[in-house]
Amino acid sequence: MTQSTSSRAAVLIAHCIGEEVASKHADDVDKHARFPQQAIDALREARLLSALVPKDLGGAGMTMTEMSEVCAALGQYCASTAMVFAMHQIQVACIVRHGLGSQMFRDYCAELVERQMLLASATSEVGVGGDTRSSICAVEVADGIFTLNKDATTVSYGANADDLLVTCRRSVDAARSDQVVVLARRGQYRLDQTTNWDTLGMRGTCSPGYRLSSSGPAAQILPGSFADASSHTMVPYSHILWSSLWLGIATDAVTRAARFVRAEARSKPGTTPPTALRLAEVSNDLHTMRAMVRDMAREFTDAQSPNEDAEALLGMGFALKMNNLKIASSTLLVKIVHQALLLCGILGYKNDSPFSLCRHLRDAYSAPLMIGNDRIFAKNASMLLVHKDD
């Protein structure tokens, strides 16, 4: 994708890839828990993997609003494809927003544009209980070379990624919360699988556990702290882009339910089927979810404008909004898909039906678990003790 490609064109490209590639392989990806290689290859060929890279480095310089729309489009066809794409973009955003003061990372972004590498992350770790803001492993640097070993509980699509961003303690003497991010490039690391990935949904994300062994140039340690990268970038990009692809799942679920209700209405001309009322109800929930996701994506984008106050993104109020977006959108997704399933009845329950919502429902149940909603509620509870809403 060139610098001149409009955001609308990118969304249309995403829909085209979704319809012509991702949707055709989605059931097989789900059935066999395999990586959605065909769809990711198509996204690579369309040069969408570098969409967040700034224009002066050859990328499209997409905003959060634009990337949100692309993720929502992909989510309508294959949730695993959309999730892999979103998680990749979260890693790219961390480099773009925190690493461009380093010539090494500027060169890396230019290479990303040229080669369209796929980035994954290793933020989880055995022994920290799912807290990404705590690490046991530490990076060691000697003679300009880093060495890092990590026992990660999950590394999504790690076997299919080109490069990894790995969180760890800054040094062997650092506190667990004093973390940095290290770029480990293909050929610089080894992954030894420790667990399997046989799950209810999001099966194509292929996220087993691995023991990571890596070594490379110390210049590949991202400048600054992971605390800043997490709060300023990883959390908002995760919550907005995840919510966007969840919106895509919900949109397709309601679309299938609407087709079912219309077919029912055509079979009985002159009457309004009882399911039409339920369709109106679930459509209302979908519009609520869409407005919520778009508003937060727009607010983040607007705050990045030259004349706006980017400091607003660092406040407790914005953190609460981000957390509430994740909780609300993940909860609404499950509700919407469940309502759509009730509308379609047995045809929604069957895997071989054009109205099937089996994959949608199973994928939807992952949403409240990705950074568990109870964990986020606990963080909100602590912030609300001191935060006063304007």
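Above this text you will find the structure in question.
Per-chain numbering applies: the sequence of each chain, read as written, is numbered from 1 onward. pLDDT decides what is reported in this predicted model: residues at 70 or higher carry local features, side-chain atom pairs at 80 or more are listed and counted, and totals for whole chains, interfaces and linings draw on all residues regardless. Side-chain descriptors were evaluated using all non-hydrogen atoms of the structure, hydrogens and water having been removed beforehand.

A look at the pairing of strand β3 (residues 145-152)
Burial of β3 is one-sided: the residues F146, L148, K150 and A152 facing one way are buried, the residues I145, T147, N149 and D151 facing the other way are not. In this description, strands pair whenever DSSP reports at least two bridges between them. Per the convention used, a helix needs a DSSP run of H or I reaching at least four residues, while a strand needs a run of E reaching at least two, with both numbered from the N terminus. Connecting strand β2 (residues 140-142) to the antiparallel partner β3 that follows it, the hairpin turn spans two residues, and D143 within it adopts a positive phi of roughly 55 degrees. Two strands pair when backbone bridges link them, and β3 and strand β7 (residues 210-217) are joined in this way by eight bridges, in the antiparallel orientation. Residue pairing across strands places F146 opposite G216, the latter belonging to β7. Exposure classes here rest on a 1.4 Å probe applied to the protein chains alone. A residue is buried below 20% of its type maximum, exposed above 50%, and partly exposed in between.

Notes on the packing of helix α6 (residues 226-267) against helix α7 (residues 275-303)
Simply put, an axis is a line fit to the C-alpha atoms, just over the touching stretch for a helix, and the angle between two N-to-C directions goes from 0 to 180 degrees. Remark: α6 packs on α7, axes separated minimally by 9 Å, with the N-to-C direction vectors making an angle of 160 degrees. In terms of axis orientation, α6 runs roughly antiparallel to α7. Handedness of the α6/α7 crossing: left-handed. Along the lines of polarity and charge, the residues of the contact of α6 with α7 split into 19 nonpolar, six polar and two charged. Roughly parallel here means an angle under 35 degrees, roughly antiparallel means over 145, roughly perpendicular means 65 to 115, and every remaining angle is called oblique. In this scheme, a crossing is called left-handed if the near helix is turned counterclockwise away from the far one by less than a right angle; it is called right-handed if the turn is clockwise. When residue character is reported, Ala, Val, Leu, Ile, Met, Phe, Trp, Tyr, Cys and Pro are called nonpolar, Asp, Glu, Lys and Arg charged, and the others, Gly included, polar.

Brief notes about the sheet that holds strand β1 (residues 119-122)
Reading across the sheet, the three strands line up as β1-β4-β5 and stay open at both edges, with mixed pairing between neighbours. Taken across any chain shown, the strands that pair with only one partner, and hence form the sheet edges, are β1 and β5 (179-185). Strand-to-strand, the axes of this sheet are offset by a mean angle of 25 degrees, without reference to chain direction. As paired elements, strand β4 (residues 163-169) and β5 share seven bridges and run antiparallel to each other. Its bridge partner lying in β5, D163 is registered against R185.

Brief notes about the environment of E19
Mapped onto the fold, E19 is located in helix α1 (residues 7-32). For E19, a relative accessible area of 52% corresponds to the exposed category. Contact partners of E19, with chain neighbours within four places excluded, come to K24 and Y77. Contact between two residues is taken to exist if any of their heavy atoms lie within 4.5 Å; hydrogens are not considered.

A word on the sheet that holds β3
Read from one edge to the other, the open sheet built from four strands follows the order β2-β3-β7-β6, with strand pairing classed as antiparallel. Each of the sheet's edge strands pairs with one partner strand only, and the pair in question is β2 and β6 (189-193). Across the sheet, the axes of successive neighbouring strands diverge by a mean angle of 10 degrees, strand direction being ignored. In this sheet, β3 lies alongside β2 in antiparallel orientation, the contact comprising three bridges. From the neighbouring strand, E140 faces β3, where its bridge partner is T147.

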